[in-house]
Amino acid sequence: MLLNGETLAYNPPLMTTEHELILVLDFGSQYTQLIARRVREIGVYCEIVPFNTAPEALAGRPLRGVIFSGGPSSVYDDDAPHADRSWLEQGVPVLGICYGFQHFAYFLGGTVEPSPAREYGRAVLSVTSPSRLLAGLPHEMDVWMSHGDVVRAAPDGFTVVGQTENALGAVEDVSRQLYAIQFHPEVHHTPRGRDILANFALEICGCRADWSMASFIDSTVAAIREHVGPDARAVCGLSGGVDSAVAAAIVDRALGDRQTCLFVDTGLLRKNEFDEVLEVLRREMSLNVVGIAAGERFLGELAGVVDPERKRKIIGREFIEVFQAEASRLEKVDYLVQGTLYPDVIESVSVKGPSQVIKSHHNVGGLPETMRLKLIEPLRELFKDEVRRVGREMGLPEEIIGRQPFPGPGLAVRILGEITEDRVALLQEADAIVIEEIRAAGLYDEIWQAFAVLLPIQSVGVMGDQRTYESTVAIRAVHSQDGMTADWVRLPYDVLARISSRIVSEVRGINRVVYDVTSKPPSTIEWE
Ligand code: XMP
């Protein structure tokens, strides 16, 4: 958790001081975050830092182990990321994964070569010698490979303990506490990967597994109290979604009514969402919430605008103005609470190392600069499903926890073309039918997002004996882990059929329904 706006420097999170820590140095692998999450699932607190973080930055923290992540580079590339070599001499065990393994060889004198074929996918690892890292595991197991280079000869002092058909699979030097593997233990396709990480974290690093969602909540609440002091006040923007609600609930535990939550109705929320969510936030979560009905203002500013980026900018600007005006009526505020998650952070800036920057994101930035507030971001290290676990642990209502994600600009990015009150109402009706039918089919909780999109085209239809010329709605439903990649859901035909026939018969103005069958990439989840 970061408690200020400085995101580019490494800021030791306050909450973990008493928890044993395993650190991941990020060399840019798409799986880096998964490593941290798997280690946390084992019950050991784990954090990601950029590859070039110096060991001194961790001084005073109870560091028990370090993992070098994978990465897309080749260690001999001119611009290849290199860690501080002294990580290998800190007296804590180090595990190198994939590029991390090659990095050991680069430091310690093994041979790294381009693989004859870029290996991607399943391989079989044979355990060839007694091993601490692979202790208790079968002699042969499936592992997942994704690499261009391989280590041909292990550095002096290392024992080869596992081999795949094409590569050295696992090596270790117990005396120096150095362990390395070519495959990815963090992905599902390495079914025993969790045991390997558990061997590392619990047996080799000797961690106690003292981290849990409950301890996360307690230490975060304590850290916020300590950091902001006895009088400071905070303001939190609620979106109706799970992230901001869980962030607010944590801060509520720490500061009580010294936090005021603002929930803005942009006029672009889902059908009945503003009233229903406001009710839950107040009655069931007992949050100190002010609801601000600003729909007319947003729709007024958006009149005639069709360009997606302009829509986003207008909404962002109006949101800040409405939020600021309301916040200025509160007693002096020092902190802004945001429900920023780990994927928001890496989609925005490459804070934690060279993991690919995908696009500039929505939730980060904006308000703090203009309001000169310091940030409280209690969920900054977590993934969405971890946030949901935190929320459940805190007893938040399922209506909030299980809610599918919804973009900040709301239906504006799902109405292609001009946004008018009528078109918003049309989409709200169609969208409500999608959600109802997805729920009725028992699919709501297993789908990342399902929604309707209003297209700016009309087409010919026939209803009764009448020719119609009306709008088209596209249905989008995707599976995703974190919104960064997504696959379209193979919805059963009968569910699609019910959605389609209900929309066309119940929503006047729509005579055609289509289903979006593209994944992300190459498409995005939202249409604008
Ligand atoms: P895309 O469309 O980029 O969406 O594939 C990825 C995830 O982010 C959500 N999204 C947003 N969330 N403000 C938000 O708070 C935004 O401007 C925004 N745009 C997209 C989207 O719903 C999906 O879950």
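Residues numbered from 1 in each chain as written. Predicted model: local features only at pLDDT ≥ 70, side-chain atom pairs only at ≥ 80, totals over all residues. Heavy atoms only, no water.

1. Observations regarding the domain arrangement of the protein chain
Cut-off, in case you're wondering: For each domain, the first and last residues come from an automatic or database assignment. Whether two residues are in contact is decided by their heavy atoms, any of which lying within 4.5 Å being enough. Using a 1.4 Å probe, buried area is obtained as the accessible area two parts lose upon being combined, added over both of them. Salt-bridge detection follows one rule: a side-chain nitrogen of Lys or Arg within 4 Å of a carboxyl oxygen of Asp or Glu. N or O atoms closer than or at 3.5 Å make up a polar contact, with two conditions inside protein: a donor-capable atom paired with an acceptor-capable one, and, for residues adjacent in sequence, both atoms drawn from side chains. In this text, helices come from DSSP runs of H or I with a minimum length of four residues, and strands from runs of E with a minimum of two, each type numbered from the N-terminal end.
By the assigned domains, the protein chain splits into domain 1 (21–204), domain 2 (213–401) and domain 3 (414–515). Distance from the C-alpha centre of domain 2 to the C-alpha centre of domain 3: 28 Å. At the interface, 18 residues of domain 2 touch 15 residues of domain 3. With both sides pooled, the region where domain 2 packs onto domain 3 buries about 1,300 Å², and carbon together with sulfur makes up 63% of that total. Of the charged contacts, one joins Lys271 and Glu429 as a salt bridge, the two residues approaching to 3.1 Å between their closest N and O atoms. Counting the contacts that link domain 2 with domain 3 gives five residue pairs in polar contact (both at pLDDT 80 or more). Put simply, the parts of the chain that give the side of domain 2 that touches domain 3 at least two residues each are helix H7 (295–302) and helix H9 (342–348). Looking at the side of domain 2 that touches domain 3, the element that brings in the most residues is H9, giving three residues.

2. Let's talk about the pattern of salt bridges
Throughout the structure, instances matching the rule amount to 33 salt bridges. When the shortest N-O distance is used, the salt bridge between Arg392 and Glu398 registers 2.6 Å. A network of salt bridges, in which partner residues are shared, links Arg297, Glu301, Arg317, Glu318 and Glu321.

3. A word on the environment of Val187
Filter applied, for reference: Exposure is judged per residue with a 1.4 Å probe applied to protein chains only, and the accessible area is read against the type maximum: over 50% gives exposed, under 20% gives buried, and values in between give partly exposed.
In this fold, Val187 is placed in the loop between strand S9 (178–181) and helix H3 (193–204). Assessed through its relative accessible area of 6%, Val187 is described here as buried. As for Val187 and Val143, which are separated by 44 residues in sequence, their C-alpha atoms are 9.0 Å apart. For Val187, the residues in contact, after removing those within four places along its chain, are Tyr31, Leu34 and Trp144.

4. Examining the nonpolar core
Formally: In plain words, nonpolar cores are sets of buried Ala, Val, Leu, Ile, Met, Phe, Trp, Tyr and Cys residues tied together by side-chain atoms within 4.5 Å.
With 124 residues, the main nonpolar core has Phe68 and Ile503 as its most contacted residues. The leading source of residues in this core is helix H5 (residues 242–255), at 10 residues. In this structure, Ile97, Val127, Tyr179 and Ala198 belong to the second largest nonpolar core, which totals 37 residues.

5. Some thoughts on the packing of H5 against helix H11 (residues 384–393)
Which entries qualify depends on this criterion: Under this scheme, a helix contributes an axis fitted over its contacting stretch, all axes are lines through C-alpha atoms, and angles between N-to-C directions fall in the 0 to 180 degree range. If an angle is under 35 degrees, it is roughly parallel; if it is over 145, roughly antiparallel; if it lies from 65 to 115, roughly perpendicular; otherwise it is oblique. For any pair of crossing helices, the crossing counts as left-handed if the nearer helix is rotated counterclockwise from the farther one by less than a right angle, and right-handed if it is rotated clockwise. Under the grouping applied here, Gly and all other residues not named as nonpolar or charged are polar, the nonpolar ones being Ala, Val, Leu, Ile, Met, Phe, Trp, Tyr, Cys and Pro and the charged ones Asp, Glu, Lys and Arg.
The N-to-C vectors of H5 and H11 enclose an angle of 45°; their axes lie 10 Å apart at closest approach. Classified by the angle their axes make, H5 and H11 are oblique. When the axes of H5 and H11 are compared, the crossing they make is left-handed. Residues Val242, Asp243, Val246 and Ile250 of H5 lie in contact with H11, whose contacting residues are Lys384, Val387, Arg388, Val390 and Gly391. Of the residues contributing to the contact of H5 with H11, the split by class is five nonpolar, one polar and three charged.

6. Some points on the packing of aromatic side chains
So the rule is basically this: A pair of aromatic rings is counted whenever rings of Phe, Tyr or Trp (Trp by its six-membered ring) have centres within 6.5 Å, and the orientation is called stacked for planes under 30 degrees apart, edge-to-face for over 60 and tilted otherwise. By definition, being over a ring means that NZ of Lys or CZ of Arg is both within 6 Å of the ring centre and within 35 degrees of the ring normal.
Evaluated as defined, the whole model comprises 13 aromatic pairs. A ring pair is formed by Phe27 and Phe68, whose centres lie 5.5 Å apart and whose planes are at 50°; its orientation type is tilted. Taken together, the positions of Phe27 in the loop between strand S1 (21–26) and helix H1 (32–42) and Phe68 in strand S3 (residues 63–68) put the pair 41 residues apart, joining distant regions of the chain. In terms of burial, Phe27 and Phe68 fall into one category: buried. Relative to Phe107, the ring of Tyr106 lies with its centre 6.0 Å away and its plane at 55°, an arrangement referred to as tilted. By relative accessible area, Phe107 is classed as buried at 12%. Through a chain of ring-to-ring contacts, three or more aromatic side chains come together here, namely Phe27, Phe51, Phe68, Tyr99, Phe104 and Phe158. The ring of Phe451 is capped by Arg414, whose NZ or CZ atom sits 3.6 Å from the centre of that ring. Above the face of the Trp488 ring, Arg490 is positioned so that its terminal group lies 3.9 Å from the ring centre.

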